[in-house]
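Now for the letters of each chain:
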Amino acid sequence: MRVAVVGATGMVGEVMLKVLEERNFPVTELIPAASVRSVGKKVMFKGKEVSVVSLPDAVAAKPDIALFSAGGDVSTAWAPKFAEVGTRVIDNSSAWRMTEGIPLVVPEINGSIISEDDRIIANPNCSTIQLVMVLNPLHERYGITRVIVSTYQSITGTGVKAVEQLQNEREGKTGPMAYPYPIDKNCLPQCDVFTDNGYTKEEMKLTRETVKILDDDSVLVSATAVRVPVQGGHSESVNIEFAEVPSVPEIRTILNATPGITLQDNPDINLYPMPRFAEGKDDTFVGRIRVDYSNPRAVNCWIVADNLRKGAATNAVQIAEYILAQGW
Ligand code: 2RA
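Throughout this document, residue positions are counted from 1 along each chain, in the order its sequence is written. The predicted nature of this model means local features are confined to residues of pLDDT at least 70 and side-chain atom pairs, given and counted, to a pLDDT of 80 or more, with totals for whole chains, interfaces and linings taken over all residues. By convention in this description, side-chain values take in all heavy atoms of the structure and omit both hydrogens and water.

## Looking at the sheet that holds strand E8 (residues 144-153)
The condition is simple: Two strands make a pair as long as DSSP finds a minimum of two bridges between them. Starting at the N terminus, helices and strands are each numbered in turn, a helix being any DSSP run of H or I of at least four residues and a strand any DSSP run of E of at least two. What counts as an axis is a line fitted to C-alpha atoms, over the stretch in contact for a helix, and the angles between N-to-C directions run from 0 to 180 degrees. Throughout, a contact is declared for two residues whenever any of their heavy atoms are within 4.5 Å.
With mixed pairing, the 6 strands of this open sheet are ordered in space as E9-E8-E10-E13-E12-E11. A single partner strand is all that each edge strand has here, and the edge strands are strand E9 (220-227) and strand E11 (261-263). Between one strand axis and the next, the sheet turns by 20 degrees as a mean value, whatever way the strands run. As paired strands, E8 and E9 are joined by 8 bridges and run parallel to one another. The partner of Arg146 across the bridge, within E9, is Leu220. Docked against the sheet, helix H7 (residues 201-214) engages E8, E9 and strand E10 (234-242), running at close to 145 degrees with respect to E9.

## Section: the domain arrangement of the protein chain
The test is simple: An automatic or database domain assignment supplies the start and end points of every domain. Note on definitions: buried area is the accessible-area loss of two parts on being combined, 1.4 Å probe, summed for both. Salt bridge, as applied in this entry: a Lys or Arg side-chain nitrogen positioned within 4 Å of an Asp or Glu carboxyl oxygen.
For the protein chain, the assigned domains read domain 1 (2-124 + 312-326) and domain 2 (127-307). For domain 1 versus domain 2, the separation of C-alpha centres amounts to 25 Å. Domain 1 puts 17 residues into the contact, and the matching count from domain 2 is 18 residues. For the pair domain 1 and domain 2, the summed buried surface comes to about 1,400 Å²; carbon and sulfur atoms form 67% of the total. Per-residue buried area on domain 1 facing domain 2 is highest for Met11, Met98 and Ile109; these three make up 38% of the total on that side. Applying the counting rule to domain 1 against domain 2 returns 2 salt bridges. The partner of Asp282 in a salt bridge is Arg23, and the shortest N-O contact between them spans 4.0 Å. Of all the secondary structure elements, the ones that give two or more residues to the side of domain 1 that touches domain 2 are helix H4 (107-110) and helix H10 (309-326).

## Section: the side chain of Ser75
Assignment of secondary structure puts Ser75 in helix H3 (residues 72-84). In this structure, Ser75 is in contact with Phe68, Pro80, Asp91, Ser93, Ala95 and Trp96, ignoring residues within four places of it in sequence.

## Looking at the environment of Ser127
Threshold: We call two N or O atoms a polar contact when they sit within 3.5 Å, provided that within protein one can donate a hydrogen and the other can accept it, with sequence-adjacent residues counted only if both atoms are side-chain atoms.
Along the polypeptide, Ser127 turns up in helix H5 (residues 126-142). Note: C-alpha distance between Ser127 and Thr200 (73 residues apart in sequence) is 13 Å. Here the side chain of Ser127 touches Asn125 through a polar contact of 2.9 Å, side chain to side chain. At 2.9 Å, the side chain of Ser127 forms a polar contact with the side chain of Glu202.

## Considering empty space enclosed by the protein
Counted only if it meets this: Cavities and pockets are found on a 1 Å grid laid over the protein atoms alone: a cavity is a set of points where a 1.4 Å probe fits but cannot escape, a pocket is an open set with protein on both sides within 12 Å along at least five of seven lines, and a lining residue has an atom within 4 Å of such a point. Grid points are joined across faces, edges and corners, and a volume is the space filled by probe spheres set on the points. Side-chain classes are defined by residue name, with Ala, Val, Leu, Ile, Met, Phe, Trp, Tyr, Cys and Pro counting as nonpolar, Asp, Glu, Lys and Arg as charged, and the others, Gly among them, as polar.
Scanning the model with the defined rule gives 1 cavity of 30 Å³ or more in all. In this structure, the largest cavity occupies an estimated 30 Å³ of space. Looking at the lining of the largest cavity residue by residue, the class counts come to 6 nonpolar, 1 polar and no charged.

## Some thoughts on H7
Stated precisely, the cut-off is as follows: To estimate how far a helix should reach, multiply one less than its number of residues by 1.5 Å. Each residue gets one of three labels from its accessible area relative to the maximum for its type: buried under 20%, exposed over 50%, partly exposed in between, using a 1.4 Å probe on protein chains only.
Along its 14 residues, H7 runs 20 Å from first to last C-alpha, staying within 8% of the 20 Å computed at 1.5 Å per residue. Along H7, 11 of the 14 residues are buried, which leaves the element largely enclosed by surrounding structure. Listed in full, the buried residues belonging to H7 are Glu202, Glu203, Met204, Lys205, Leu206, Thr207, Glu209, Thr210, Val211, Ile213 and Leu214. One or two positions beyond H7, positive phi appears at Asp215, with a value near 55 degrees.

## Topic: the site of the ligand
Note the threshold: Proximity is defined per residue: if any heavy atom of the residue lies within 4 Å of a molecule or strand, that residue is considered near it. Residue burial considers only the protein chains on display, and all accessible areas are found by Shrake-Rupley using a 1.4 Å probe. For a cavity or pocket, the test is whether more than half of a molecule's atoms lie within 2 Å of its grid points; if they do, the molecule sits there.
Close to the ligand lie Asn125, Cys126, Gln153, Gly157, Thr158, Glu202, Arg227 and His234, which account for all nearby residues. Here a nitrogen atom of the ligand sits 2.8 Å away from a polar atom, N or O, in the side chain of Asn125. Contact distances for the ligand include 3.2 Å between an oxygen atom and a side-chain N or O atom of His234. When isolated, the ligand has an accessible area of 240 Å², and the protein chains bury 77% of it. Its atoms largely coinciding with the cavity grid, the ligand occupies the largest pocket.

What follows is the structure, encoded as structure tokens:
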């Protein structure tokens, strides 16, 4: 398949190339595309240097699939142009996620909503993906009524500028700021910008995308998104309320049997998920599952995943694999 990676020189774009290689996706021609300032740069793919091309040239190449991770403005402007030449676009930006008729997909959960006619498929937000990976099997078993989630998000979710800010702060240097405040030895209760309702865009993504993916607008979601000086992945403390009193042992059994989830839950040996050990892996890790003694119909848990992999690149490639498997 001819595969374009739009934003190939960015943090997620580079992981997309790595995941395509690792999973041996049948790429017959790679078309790395980026902004004008990156045209001519080289990316490595399968041991060979490939030149980055402009977006118009990438459209002209009529790729079968285009993986996008170049920001919402580029997706808004260019995804339709690729779609017009028959390309199936898998977009990692937030541009199309809540658009009526655009599938918002975590393949393990709702891959089947993708139809042969779909030309733009939205990849959910990283903190949403790891959350719904755990919520979905439990929603199917018990019915979820309410979710309260607090995230502890890696600076890699912001990008290279944030990684450089943390590095500079730790080395006692000044430099460009990705955040309004220092991030080292600090936590910022702000991921992305604030909206008019007092919540950040990240918190509203978690709230709205979760309901769309579970396809159940009766599920109530309340989110607080926090940026922490961590690089391996996002962590989430989640309180899940069900329509009936759940069984923690059964919840553990269900999650342990769910593809894409690794259960790490044994307080006796201090076993629980951590971003440092989730980094570079594709599973969603869950632990600290315990009864909420303030509400018999609720449990608490802790969810961790590499936000650049399952939270972005790997989920996008898995969508491409799903499409490939349909033989369209
Ligand atoms: C973040 N989820 O972590 C957002 C975008 N990657 O900043």
